[in-house]
Amino acid sequence: MSKRRFLSADERRGLTLVSPPLIYTVLLLAIPVGAIVLFSLWSQDAQDSMKVDTAFSLANYREFFSHPVYGQLLKRSLMISGLVTTATVIFAYPVAYFISFVVPTSHKSLWLFLITIPFWTSYLIRVFLWKVILGYNGVVNSGLMSLHIIDEPLTFILYNVNAVVLTLAHAYAPFAILPIYVALEKIDRSFLEASLDLGENKVTTFLRITLPLSMQGVVAAVLIVFIPTIGDYVTPKLVGGAGGTMISNMIQTQFLKLNNAPMGAALSIIAMASVTAVALFFIFLNRRWLRGRT
Amino acid sequence: MKMKFKGLRVYVVAYLLFLYAPIILLPMFAFNDATIIAFPLTGFTTKWFGGLLDTPALHDAVKHSLLIACSTAIGATTLGLFAAMAGTNHRFPAKKGIMGLIMLPLVMPDIIVAVALLVVLVRVLDLHLGGWSVIVAHTLICMPFAISILNGAFANLDPAMEEAALDLGENRWTGFWLVTFPLVMPGIISSLLITFTVSLDEFIIAFFLTGTNPTMPVYIWGLLRFPEQLPIIMALGTLLVALSVLLLTIAEYFRRRGLARAGVQDKGGFL
């Protein structure tokens, strides 16, 4: 009660307003995530599928480190997410640059709209269509064969890591384009003129002015692509084949097929922790890079 | 000046082709005569669309999903309205942390949200899963989308307008209802449509939380295993794409109108 007196009327109103969404998020996100941390320290009762042994132990985590299959899955997932992120951001950057610097202001929102439309349309069917495009009798193969560029269908484009990377890069494209675009829009155009006047050429101006100033958007793009891709089990399952399975497929199996919620919880925690660690390391590297330049 | 970016233009067109490739192929296969989804196309037919009408299980799934998407849209937009109002017009302690937490579902891997809720609802609370659990989860993940759209509607709204209403004898509630609400209405409609679209299409979480009654994406997932059902899925997909494009166009129209009403220059984009 005594603390309330230090809050102004405006602050009190702000807190009152924000409390419904805040309470909702705490109840349905913070507490459940806390619950899976707890679950990961328990173990599954072998007889009753609804029962867990609530004695605390690190058995699930020990299981993770003693079976190399889990570690391999995690490593592969991080690698796929990393590849997806790199590909998505590198291919998205020129598009964001184009919309920000080339498209006339009056057409910008139309272009952004054009780029977001494929993202909002049925995700499952979109992933499935990549299977059709890349498949043995798929669009790419039949197209290349009818043009006599190849004699036999290419097999390295489906049911492997390449296919997963391509499909996810497609799914997350707008997530990369939009933050980079926003950062590019914020750049004061007179900096670029100044740089050109002072004897830099187009390329060095881009490298020394535009790129560092847009790094904030690139970082946002990297995080917003990298973190969620680790949680996708549909794309690996549909186009990944045996060599493209990811940690999420294992989490799904633990929960829904093996009925081992504590192990699934431990895998979820490990996956989330590794993604967060990689993301933080990336932010740290980027800060050092930007600081090193000034 | 224009010719300078020629290479870039070619690249952007190629990129758009890549983005639209699945959407362009979808109707081709939906109207194609063959059961196998591959080239060359064999002939024109509309029988797959007719097939949609003869699948009662699909109708149930669609109805179920529509109910979930409507509830989610209303829930997420209402909660988003509170957050956007607090975030744009008020200062309060730990604001950055609180807003960050509320926006967190946007970057959380969906599977984590799914398993966390599954554990709490089934294992801890011992509840029966159903449409309601999908609604609860979808509201959580749609809220950040609602907030980013509504922030745009609130950001340049002059707080003096609501204050003027208060000075003129309205109370907080009537002031909001008569002045602020109509001004942000386009943002609200846009938010309802976007969250509806996200929920209708969401699979990863729904698969964990839907219980015995499948949502439409969960039903489609089941069909993907049966090759003879694929053309019907293509027909369904074509209809869904047409519906989403329609809804998004309406949402975009209202978003722009909202910005124009608030007197802001359009910076574009939903995210």
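Structure shown above.
In this report, the structure presented in the accompanying data block is examined.

## Section: the nonpolar core
Ranked by internal contacts, the top residues of the largest apolar core, which has 188 residues, are V234(A) and F208(B). Setting aside residues no more than four positions away along its own chain, F208(B) makes contact with Y233(A), Q252(A), F255(A), L256(A), I111(B), A114(B), V115(B), L118(B) and L129(B).

## A look at the side chain of S195(A)
Residues and elements named next belong to chain A. With respect to the secondary-structure elements, S195 resides in helix α9 (residues 189-197). Accessibility expressed as a relative area gives 6% for S195, which makes it buried. In contact with S195, not counting residues within four places along its chain, are E200, T205 and I209.

## Topic: the interface of chain A and chain B
Chain A puts 85 residues into the contact, and the matching count from chain B is 92 residues. Summed over both partners, the interface of chain A with chain B buries about 8100 Å², with 81% contributed by carbon and sulfur atoms. Taken together, the links from chain A to chain B amount to 0 salt bridges. Looking at the side of chain A that touches chain B, the element that brings in the most residues is helix α1 (residues 9-40) of chain A, giving 20 residues.

## A few points about a nonpolar patch on the surface
All names here are of chain A. Together, I23, V26, L27 and I31 make up a nonpolar patch on the protein surface, roughly 340 Å² of accessible area in all. Of note, I31 is situated in helix α1. Under the relative-accessibility criterion, I31 is labelled partly exposed at 45%.

## A look at unusual backbone geometry
Residue and element names in this part refer to chain A. In this structure, H148 takes a positive phi of about 60 degrees despite not being glycine. The topology assignment puts H148 in the loop between α6 (139-146) and α7 (161-171). Here the phi dihedral of N259 falls at roughly 55 degrees; this positive angle occurs in a residue that is not glycine. Residue position: N259 is located in the loop between α12 (247-257) and α13 (261-293).

## Considering the packing of aromatic side chains
Inspection of every chain in the model, using the stated rule, returns 27 aromatic pairs over all chains. Seen from their ring centres, F119(A) and F175(A) are 5.0 Å apart, and the 80 degrees between their planes marks the pair as edge-to-face. On the criterion of sequence distance, the pair formed by F119(A) in helix α4 (residues 108-120) and F175(A) in helix α8 (residues 173-186) is long-range, its members being 56 residues apart. Judged by centre distance (5.7 Å) and plane angle (20 degrees), the rings of W173(B) and W177(B) are stacked. One end of the pair is W173(B) and the other is W177(B), both in helix α8 (residues 172-201) and 4 residues apart, which spans about a single turn. Look at W173(B) and you get exposed, because its relative accessible area is 57%. Judged by its relative accessible area of 44%, W177(B) is partly exposed.

Quick notes on the rules
- Residues numbered from 1 in each chain as written.
- Chains lettered and ligands numbered in written order.
- Predicted model: local features only at pLDDT ≥ 70, side-chain atom pairs only at ≥ 80, totals over all residues.
- Heavy atoms only, no water.
- Core = buried A, V, L, I, M, F, W, Y, C linked by side-chain atoms within 4.5 Å.
- Buried < 20%, exposed > 50% of the residue type's maximum accessible area, 1.4 Å probe, protein only.
- Contact = heavy atoms within 4.5 Å.
- Helix = DSSP H or I, 4+ residues; strand = E, 2+ residues; numbered from the N terminus.
- Buried area = accessible area lost by both parts, 1.4 Å probe.
- Salt bridge = Lys/Arg side-chain N within 4 Å of Asp/Glu carboxyl O.
- Patch = residues over 30% accessible without salt bridge, like charges linked within 9 Å, V, L, I, M, F, W, Y side chains within 5 Å.
- Areas by Shrake-Rupley, 256 points an atom, 1.4 Å probe, with all protein chains shown as cover.
- Phe/Tyr/Trp six-rings, centres within 6.5 Å; stacked < 30°, edge-to-face > 60°.

Spatial relationships are all this shows, so hold off on functional conclusions.
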